[in-house]
Amino acid sequence: MKDYIVKATAYEGKVLAMGVLSTQTVQKAKEIHNLTPTTCAALGRSLTAVAMMRSMMKGGKDKVTLVIKGDGPIGNIIAVSNYLGIVKGYVGNHTVDLPLSRKGKLDVGRAVGKKGYLTVIKDIGLKEPYIGTVELQTGEIGEDIAYYFYASEQVPSAVGLGVLVGKEGNVLASGGFIIQLLPNIEEEVVSKLEESLKNISSVTELLKQEYLPEDILKHILGEKEVNILEKLDLKYECDCSQERFETAIIALGKKEIEKLIAEGQPVEAVCHFCGKKHLISEERLKELLRIAEK
Ligand SMILES: [Zn+2]
């Protein structure tokens, strides 16, 4: 089944909910980056979250980047959605492979670390992007993002993310939800939802039972309450290009380009997000120098 995001409301529009199936997206990330089960779960949760965060933004050209910098062995995690329904990302160290946690789960918290920061960068076409940073709470990513929404955007939220990895290291299922309480919501509804969230098993457990995004939302919010607004396709895709790389070279300026030419070798850069190699010949460097001189 193809990956997708659903957007929904509930309780007369006072609850906003997103659900996502991201199995193929996370499997692609696993293949590109050669991820271990632990790093696959960490990047997979981040990609799943950023896909939903982008779907909450209104403008067609809006961009969102999630940066998680903990003190654990995985290093930085970057997840980006520059287009609706398209994500990409990478981790600092893809080889981290930890034993399962005491609860028998992939130990994302230990890989990320408990000390550090989570930053969300939202570019909505204004002069400066909106940047919100919070301290990590658990390093499990879901709770950290929920805390970000609460502390930085003042929106009480529940976030659930899960990646189920099989024995061969492939992604069997991946998905998640974000539930947000909008202002003026009745206290009664809040207590009901809190109770419901307490009782649900983990997202991974629901995915194991083949719950789809709509099913997860109905399971939490109540069968009759969920009003699906939209369904969007989701995939992993990198938007890097030779042109963008050349633009970055030009931006280095005349002196730096002259240095590169003096080295007498083509310049090679590997894209962090997709592993693609971009090569610029000496000839092309000389042309870029002329552009930079203008
Ligand atoms: Zn790329």
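Owing to the predicted nature of the structure, the values given are computational and were not obtained by experimental measurement.

Chemist: Is there a simple way to think about the overall build of the chain in this case?
Modeler: Within the chain, the secondary structure is distributed over 10 helices and 13 strands. Viewed in the frame of its principal axes, the chain has a C-alpha envelope of about 70 × 45 × 35 Å. A buried classification covers 39% of the 294 residues belonging to the chain. Taking all contacts inside the chain whose residues are at least 6 apart in sequence as the whole, residues at least 24 apart take part in 65%.

Chemist: Which parts of the structure should I look at to understand the environment of Pro156?
Modeler: Along the chain, Pro156 turns up in the loop between helix H4 (142-152) and strand S8 (157-165). On a C-alpha basis, the gap between Pro156 and Pro183 in space is 9.4 Å, while along the polypeptide they are 27 residues apart. Sequence-distant contacts of Pro156, that is, excluding residues within four places in its chain, are made with Tyr150 and Leu181.

Chemist: It is not clear to me how the packing of helix H8 (residues 242-252) against helix H10 (residues 282-293) should be interpreted in this structure. Could you clarify?
Modeler: Geometry of a packed helix pair, given as the angle between the helix axes and the separation of the axes. As a packed pair, H8 and H10 sit with axes 9 Å apart at the nearest point and diverge in direction by 55°. Relative to H10, H8 is oriented oblique. In the packing of H8 onto H10, the handedness of the crossing is right-handed. Across from Glu246, Ile249 and Ile250 in H8, the residues of H10 making contact are Leu288, Ile291 and Ala292. For the contact of H8 with H10, the class distribution of residues is five nonpolar, no polar and one charged.

Chemist: Could you clarify how one ought to interpret the sheet that holds strand S2 (residues 15-21) in this entry?
Modeler: Whether parallel or antiparallel, the strands of a sheet pair through hydrogen bonds between backbone atoms. Taken in spatial order, the five strands make up an open sheet running S8-S9-S2-S1-S10, and their pairing is antiparallel. Of all the strands in the sheet, the pair left with one neighbour each is S8 and strand S10 (227-233). The mean inter-strand angle of the sheet, taken between neighbouring strand axes irrespective of direction, is 10°. Summarising the sheet, S8 and strand S9 (residues 171-181) pair through nine bridges and their orientation is antiparallel. Looking at the pairing, Leu161 lines up with Gly176 of S9.

Chemist: Is there a simple way to think about the pairing of strand S12 (residues 267-270) in this case?
Modeler: Across four bridges, S12 lies against strand S13 (residues 277-280) in antiparallel orientation. If you follow Val270 over to S13, its bridge partner there is Lys277. Remark: six residues form the turn of the hairpin made by S12 and S13, two consecutive strands paired antiparallel; Gly275 in that turn has positive phi of roughly 80°.

Chemist: Can you walk me through the packing of helix H9 (residues 254-262) against H10 in this structure?
Modeler: As a packed pair, H9 and H10 sit with axes 9 Å apart at the nearest point and diverge in direction by 165°. For the element pair H9 / H10, the angle class is roughly antiparallel. Note on packing geometry: the crossing formed by H9 with H10 is left-handed. Here Lys254, Ile257, Glu258, Leu260 and Ile261 of H9 lie close against H10, whose contacting residues are Glu282, Leu285, Lys286, Leu288, Leu289, Ala292 and Glu293. In terms of residue class, the contact of H9 with H10 is built from seven nonpolar, no polar and five charged.

Chemist: How should H8 be read in this particular structure?
Modeler: Note that an α-helix has 3.6 residues per turn; residues three or four places apart therefore point the same way. Counting buried residues along H8, only one of its 11 residues qualify, which leaves the element largely exposed. Gly253 occupies a position one or two residues after H8 and carries a positive phi of about 100°.

Chemist: Can you walk me through the sheet that holds strand S11 (residues 235-236) in this structure?
Modeler: Read from one edge to the other, the open sheet built from six strands follows the order S7-S6-S3-S4-S5-S11, with strand pairing classed as mixed. Either end of the sheet is taken by a strand with one partner, and the two such strands are strand S7 (130-135) and S11. Here strand S3 (residues 63-70) pairs with strand S6 (residues 116-123) via eight bridges, running antiparallel. Note that in S6 the partner of Leu66 across the bridge is Val120.

Chemist: I keep staring at the domain arrangement of the chain and nothing clicks. Help me out?
Modeler: Where the parts come together, the accessible area they lose is often given as the size of the interface. Under the domain assignment, the chain is made up of domain 1 (4-236) and domain 2 (242-293). For domain 1 and domain 2, the distance between their C-alpha centroids amounts to 36 Å. Across the boundary between the two partners, domain 1 contributes four residues, which contact four residues of domain 2. In terms of residue count, strand S5 (residues 86-91) provides more of the side of domain 1 that touches domain 2 than any other element does, three residues in total. Per-class residue counts for the side of domain 1 that touches domain 2 are two nonpolar, one polar and one charged.

Chemist: Where do I start with unusual backbone geometry in this structure?
Modeler: The general pattern is negative phi for most residues beyond glycine and trans for most peptide bonds. Look at Asn34: it is not a glycine, yet its phi comes out positive at around 55°. Inspection of the secondary structure puts Asn34 in the loop between helix H1 (23-33) and helix H2 (37-55). For Asn34, a count of 12 C-beta atoms within 10 Å gives the class exposed. Backbone geometry places Glu210, a non-glycine residue, at a positive phi of 60°. Take Glu210: it is sitting in the loop between helix H6 (203-208) and helix H7 (213-221). Residue classification places Glu210 among the exposed residues on the basis of 9 C-beta atoms within 10 Å.

Definitions and limits used
Residues numbered from 1 in each chain as written. Predicted model: local features only at pLDDT ≥ 70, side-chain atom pairs only at ≥ 80, totals over all residues. Helix = DSSP H or I, 4+ residues; strand = E, 2+ residues; numbered from the N terminus. Buried ≥ 20, exposed ≤ 12 C-beta atoms within 10 Å, placed from the backbone. Contact = placed C-beta atoms within 7 Å. Axes fitted to C-alpha atoms, helices over the stretch in contact; angles between N-to-C directions. Parallel < 35°, antiparallel > 145°, perpendicular 65-115°, else oblique. Left-handed = near helix turned anticlockwise from the far one by under 90°. Nonpolar A, V, L, I, M, F, W, Y, C, P; charged D, E, K, R; others polar. Pairing = 2+ DSSP bridges. Domains from an automatic or database assignment.

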